[in-house]
Amino acid sequence: MAIDHTLLVTPSDMGVIDAAAVASGLDGYGLMQAAGAHVAACVLSCFPGIQRAVVLCGPGNNGGDGHVAARLLSASGVPVVRYGVSPNAGGDAARADAECALPLRRLDEWKPEAGDVIVDALFGAGLDRPVGPEIAVVIDRVTAAGIPVVSVDLPSGLSGRTGEPTGPCFRASRTVTFAALKPGHLLMPGRDLCGDVELCDIGIPKRLITAGDAVWRNHKGLYLPHLPTMSTQQHKYSRGHLVVFSGPLISGGAARLAAMAGLHAGAGLVSLATPPGAVMAQATHLTAVMQRSIGDAETLLKWLEDGRLTGFVLGPGFGDIEKARTYCALLAQSGRPVVLDADGLTAFAGGVDELGKLFGGGVRLMVTPHEGEFRRLFPGLAGDKGLSKIDRARAAAQMLNAVVVYKGPDTVIAAPDGRAAVNSDAPSWLATAGSGDVLAGIAGSLLGQGMPVFEAGCASVALHAEAGARAGKALTAEDLVGAIKPFSTD
């Protein structure tokens, strides 16, 4: 059966799914057999030169998967040794242990040998506390020896909910998981600690694999139906008129990047709203992007009477914090969608309640903070170690009545209604000056073309990632702009 690679299921929801599968009549031990078989197959296919499989088994069902894998690996001719803790009596793990003829040795007896591959079946995604000292010693020894690790479900010591290590944690070469991905597979540093992840079907019906939380891996199904459509009847104004606010003479480059990104992302027109003293300097760099001299709130308010202005980006290189607050209030009153980035966010550090009040009612605001900006805006959320990045983004979205694009290698897009997506395919070389300005311009363009805010957030992050991959490792922000290609709706 087809398996959904886009749904993210928390460990607690996965426990509910497992229980529902057994309650529906599926054999729990049969599911364990299937899981162990996938683990054994992974070891054999990925490590053809293996000299010895060292299977570390915990007391629960994760350990049960390990017992099954150990038996199957041994039957295939691989030398296998088992170390771990005796399983809880009476369950499927105890049956798997009993059916494996290999002795179960104490963890402290393991000594590394050349050609070892570790199968980490100690704890799965359900462990949300530090491992005990005995297991911590084993993790340290495996790490020091540089031995490859195949983890079952998640590396032991990694929270499946937050993607954060709870203490000592294995770094896996590969992780084999079942039925659905967990947030810890995608959130950093969990994504790095998991290595390559194999999502395997063990026979749980798709109808049972549901989540109480509406969280997905970012994918086209979230935004393709909402992308702007092309028509033979269109003209430039019907494709949206994006306005990007420019900073003073010395810092106009960020706004230019955002404006050009907006054009490449499909806006029919893009204008820079430029302080009078910077108009001539900007004019020397602009061709397709238009300009409007905007030096004060009164001039902006007059321009906002033009209903053809459909979206705004405020913040990149803007500089004037007080004016950013004033302009943001006027934009909020206009009832049109706004992207706040960079200085537009800094303007409300310590004042997020005010920002939330400005954009009450329908969702029209998108904020795009990186980690430092998020900490300045939401110090209480950022400092709460019990929250995952998804939890923090959702809470911030509810506080602001806005879509939050919480940037990073694991960018989270969250809506105030609780929907969230984690982007996991952005290339690392997007970490370059001006990259965030380009993202803000893409997002403003899609909003100006009429996309709903959450869907525009998901699409802009994906479009940005694709442009980065297309531009290549040596990209600059200017290269990134030229690599933007809008998604086809055909």
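Residues numbered from 1 in each chain as written. Predicted model: local features only at pLDDT ≥ 70, side-chain atom pairs only at ≥ 80, totals over all residues. Heavy atoms only, no water.

(A) Layout of the overall build of the chain. Looking only at helices and strands, one finds 19 helices and 17 strands in the chain. Residue pairs in contact within the chain that sit at least 24 positions apart in sequence constitute 71% of those at least 6 positions apart. On the chain, roughly 19,100 Å² of surface is accessible, and the fraction owed to carbon and sulfur atoms is 54%. (Helix = DSSP H or I, 4+ residues; strand = E, 2+ residues; numbered from the N terminus. Contact = heavy atoms within 4.5 Å. Areas by Shrake-Rupley, 256 points an atom, 1.4 Å probe, with all protein chains shown as cover.)

(B) Region of interest: the nonpolar core. Of all hydrophobic cores here, the largest spans 50 residues; its most connected members are Phe245 and Leu340. Here this core takes 6 residues from helix α11 (residues 321-334), the largest share from any one element. If we ignore the near neighbours within four places in the chain, the residues touching Phe245 are Ala255, Ala273, Leu300, Phe312, Val313, Leu314, Pro316, Phe318, Tyr327 and Leu331. Within the second largest apolar cluster, 49 residues are counted, among which are Ala259, Val453, Leu463 and Ala483. (Core = buried A, V, L, I, M, F, W, Y, C linked by side-chain atoms within 4.5 Å. Buried < 20%, exposed > 50% of the residue type's maximum accessible area, 1.4 Å probe, protein only.)

(C) Spatial organisation of the sheet that holds strand β2 (residues 80-84). What the 7 strands build is an open sheet, ordered β3-β2-β1-β4-β5-β6-β7; its pairing is parallel. The open sheet terminates on both sides in strands that have one partner only, identified here as β3 (104-105) and β7 (196-200). Bridging between strand β6 (residues 174-178) and β7 involves 5 bridges; their strand directions are parallel. Its bridge partner lying in β7, Phe178 is registered against Cys200. (Pairing = 2+ DSSP bridges.)

(D) Geometry of the pattern of salt bridges. By the definition in use, this model includes 21 salt bridges. With a shortest N-O distance of 3.2 Å, Asp128 and Arg161 are connected by a salt bridge. On the criterion of sequence distance, the pair formed by Asp128 in the loop between β4 (116-121) and α5 (133-145) and Arg161 in the loop between β5 (149-152) and β6 is long-range, its members being 33 residues apart. Judged by its relative accessible area of 29%, Arg161 falls in the partly exposed class. (Salt bridge = Lys/Arg side-chain N within 4 Å of Asp/Glu carboxyl O.)

(E) The sheet that holds strand β9 (residues 241-245), seen in detail. Spatial strand order, β8-β17-β16-β15-β14-β13-β12-β9-β10-β11: 10 strands in an open sheet with mixed pairing. Pairing within the sheet leaves two strands with one partner each, and these edge strands are β8 (215-217) and β11 (290-293). The average angle at which neighbouring strand axes cross in this sheet is 20°, direction not considered. Pairing geometry for β9 and strand β10 (residues 269-274), over 5 bridges, is parallel. Within the sheet, the bridge partner assigned to Val243 lies in β10 and is Ser271. Against the sheet, helix α17 (residues 435-448) engages β9, β12 (311-314), β13 (338-340), β14 (365-367) and β15 (403-406), with an angle of about 165° to β13. (Axes fitted to C-alpha atoms, helices over the stretch in contact; angles between N-to-C directions.)

(F) Region of interest: the packing of helix α8 (residues 253-264) against α17. Packing of α8 against α17 brings their axes to within 7 Å, and their N-to-C directions diverge by 40°. It follows from the interaxial angle that α8 and α17 lie oblique. Seen along the crossing, α8 lies across α17 with a hand that is right-handed. The segment α8 lies against α17, with Ala254, Leu257, Ala258, Ala261 and Gly262 engaging Asp437, Val438, Gly441, Ile442 and Ser445. Each residue belonging to the contact of α8 with α17 can be placed in one class, and the counts come to 6 nonpolar, 3 polar and 1 charged. (Parallel < 35°, antiparallel > 145°, perpendicular 65-115°, else oblique. Left-handed = near helix turned anticlockwise from the far one by under 90°. Nonpolar A, V, L, I, M, F, W, Y, C, P; charged D, E, K, R; others polar.)

(G) Region of interest: the environment of Gly146. Position of Gly146 relative to the elements: it lies in the loop between α5 and β5. The exposure class of Gly146 is exposed, given its relative accessible area of 60%. Separated by 34 residues in the primary sequence, Gly146 and Pro112 have C-alpha atoms spaced 9.7 Å apart.

(H) Fine view of the packing of aromatic side chains. Counted by the stated rule, this structure contains 6 aromatic pairs. Pairing Phe374 with Phe378 gives two aromatic rings, centres 4.9 Å apart and planes at 45°, and the pair type is tilted. Note on accessibility: Phe374 and Phe378 belong to one class, buried. Here the aromatic cluster, defined as three or more aromatic residues joined through ring pairs, consists of Phe245, Phe312, Phe318 and Tyr327. Just above the ring of Tyr406 sits the side chain of Lys389; from NZ or CZ to the centre is 4.6 Å. (Phe/Tyr/Trp six-rings, centres within 6.5 Å; stacked < 30°, edge-to-face > 60°. Lys NZ or Arg CZ within 6 Å of the ring centre and 35° of its normal.)

(I) Structural detail: the side chain of Asp13. By secondary structure assignment, the location of Asp13 is in helix α1 (residues 11-23). Other than its neighbours up to four places away in sequence, Asp13 contacts Ala211, Gly212 and Asp213.

(J) A look at helix α18 (residues 453-471). Taking 1.5 Å of rise per residue, the 19 residues of α18 would be expected to cover 27 Å, and the 26 Å separating its terminal C-alpha atoms lies within 8% of that figure. Of all 19 residues in α18, 15 are buried; the element is thus mostly enclosed. Looking one or two places after α18, you find Gly472, whose phi comes out positive at around 95°. (Expected span 1.5 Å × (residues − 1).)

(K) Focus on the environment of Gly383. Relative to the helices and strands, Gly383 resides in the loop between α15 (379-382) and α16 (389-400). Overall, Gly383 belongs to the partly exposed group, its relative accessible area being 49%. For the pair Gly383 and Ala21, spaced 362 residues apart in the sequence, the C-alpha separation amounts to 38 Å.

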